[in-house]
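Listed below, chain by chain, are the residues.
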Amino acid sequence: MLIKKLLFYTLVILGLLVITYNVHFYLTTHFEIYHPYSLWSVYIYQAVASYVLVVVFELLASLTKELKDQLGFLYLGSMAVKVLFFCVLFRDVIFFGPDLSKIDSVSLLLPIFIFIFYEVIVIVKILNRETQN
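J.: Describe the overall build of the chain, listing the residues and the values that go with them.
T.: In terms of regular secondary structure, the chain is built from five helices and zero strands. When the helices and strands of the chain are placed in sequence order, the string is α-α-α-α-α. Each of the three principal axes of the chain carries a C-alpha extent, and together these read 50 × 25 × 20 Å. Within the chain, the proportion of its 133 residues that are buried is 33%.

Next up, the structure:
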């Protein structure tokens with residue numbers, strides 16, 4: 001059962017990555033918008049980080065019953081760590097690069113919100129499942 005869930009999370013995250021990146025890339029190239037950063041790198045980071053979070057929380061929920069009450073708080077802490085790593089990896093763009101236009105800023109934030117939305121849906125399902133057991 002756990003393997004099926006992990007495989008499902010893998011397929012969903014890959015599908016979300018491929019579809020949202022390609023739509024985003026198509027729109028930016030169609031409107032001739034060029035960012036001072038790699039859009040692909042931002043999407044890859046968000047997809048990998050979200051996948052790791054979802055898998056870790058699924059494993060924590062499945063393997064330890066002691067932590068089920070703390071999973072929501074652990075998720076909030078993990079979000080802070082995810083944002084911190086993002087800021088470290090993309091510090092040249094965020095802190096030291098040229099000033100980002102509004103379109104550049106939105107394009108940088110869009111993958112973050114897409115994958116946070118996915119994470120929240122999965123974490124809520126895990127928490128609801130755990131409270132029912």
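J.: Which residues make up the environment of Phe115, and what values do they have?
T.: Note on placement: Phe115 falls in helix H5 (residues 102-132). Excluding anything up to four places from it in sequence, Phe115 contacts Ile13, Leu16, Leu17, Tyr43, Gln46, Ala47, Ser50 and Lys82.

J.: Which residues make up the environment of Val52, and what values do they have?
T.: Structurally, Val52 is set in helix H2 (residues 39-63). Once the C-alpha coordinates of Val52 and Tyr37 are considered, the two residues, 15 residues apart in sequence, prove to be 23 Å apart.

J.: Can you tell me about the packing of aromatic side chains, naming the residues and giving the values?
T.: Throughout the structure, instances matching the rule amount to ten aromatic pairs. Summarising the aromatic geometry, the rings of Tyr45 and Phe90 are spaced 6.3 Å apart at their centres and angled 75 degrees between planes, so their arrangement reads as edge-to-face. Taken together, the residues Tyr45 in helix H2 and Phe90 in the loop between helix H3 (71-89) and helix H4 (91-96) connect sequence positions 45 residues apart. Residue classification places Tyr45 among the buried residues on the basis of a relative accessible area of 13%. Summarising the aromatic geometry, the rings of Phe57 and Tyr75 are spaced 6.0 Å apart at their centres and angled 75 degrees between planes, so their arrangement reads as edge-to-face. Residue Phe57 is found in helix H2, and its partner Tyr75 is found in helix H3; the two are separated by 18 residues along the sequence. In this pair, the class of Phe57 matches that of Tyr75, namely buried.

J.: Tell me about the nonpolar core, residues and numbers included.
T.: Looking at soluble globular proteins, one finds that nonpolar side chains tend to be buried together. Core analysis: the biggest nonpolar cluster contains 30 residues, and Tyr9, Phe57, Phe86 and Ile126 have the highest contact counts within it. Looking at this core, the elements that each hand over two or more residues are helix H1 (2-30), H2, H3 and H5. Sorting elements by how many residues they give to this core places H2 first, with eleven residues. Contacts of Tyr9, omitting those with residues within four sequence positions, involve Tyr51, Val54, Glu58, Tyr118, Val122 and Ile126.

J.: Which residues make up unusual backbone geometry, and what values do they have?
T.: Phi at Glu32 takes a positive value of approximately 55 degrees, unusual for a residue other than glycine. Of note, Glu32 is situated in the loop between H1 and H2. Residue Glu32 is classed as exposed on the basis of its relative accessible area, which comes to 60%.

J.: Requested: an account of the packing of H1 against H2, with residues and values cited.
T.: Contact geometry for H1 and H2: axes closest at 10 Å, N-to-C directions at 160 degrees. Judged by the inter-axis angle, H1 sits roughly antiparallel to H2. In the crossing of H1 with H2, the sense of the turn from one axis to the other is right-handed. On H2, the residues that touch Leu2, Lys5, Leu6, Tyr9, Thr10, Ile13, Leu17, Thr20, Tyr21, His24, Phe25 and Thr28 of H1 are Leu39, Trp40, Tyr43, Ile44, Ala47, Ser50, Tyr51, Val54, Val55, Glu58, Leu59 and Ser62. Looking at the contact of H1 with H2 residue by residue, the classes come out as 16 nonpolar, six polar and two charged.

Rules used in this analysis
- Residues numbered from 1 in each chain as written.
- Predicted model: local features only at pLDDT ≥ 70, side-chain atom pairs only at ≥ 80, totals over all residues.
- Heavy atoms only, no water.
- Helix = DSSP H or I, 4+ residues; strand = E, 2+ residues; numbered from the N terminus.
- Buried < 20%, exposed > 50% of the residue type's maximum accessible area, 1.4 Å probe, protein only.
- Contact = heavy atoms within 4.5 Å.
- Phe/Tyr/Trp six-rings, centres within 6.5 Å; stacked < 30°, edge-to-face > 60°.
- Core = buried A, V, L, I, M, F, W, Y, C linked by side-chain atoms within 4.5 Å.
- Axes fitted to C-alpha atoms, helices over the stretch in contact; angles between N-to-C directions.
- Parallel < 35°, antiparallel > 145°, perpendicular 65-115°, else oblique.
- Left-handed = near helix turned anticlockwise from the far one by under 90°.
- Nonpolar A, V, L, I, M, F, W, Y, C, P; charged D, E, K, R; others polar.

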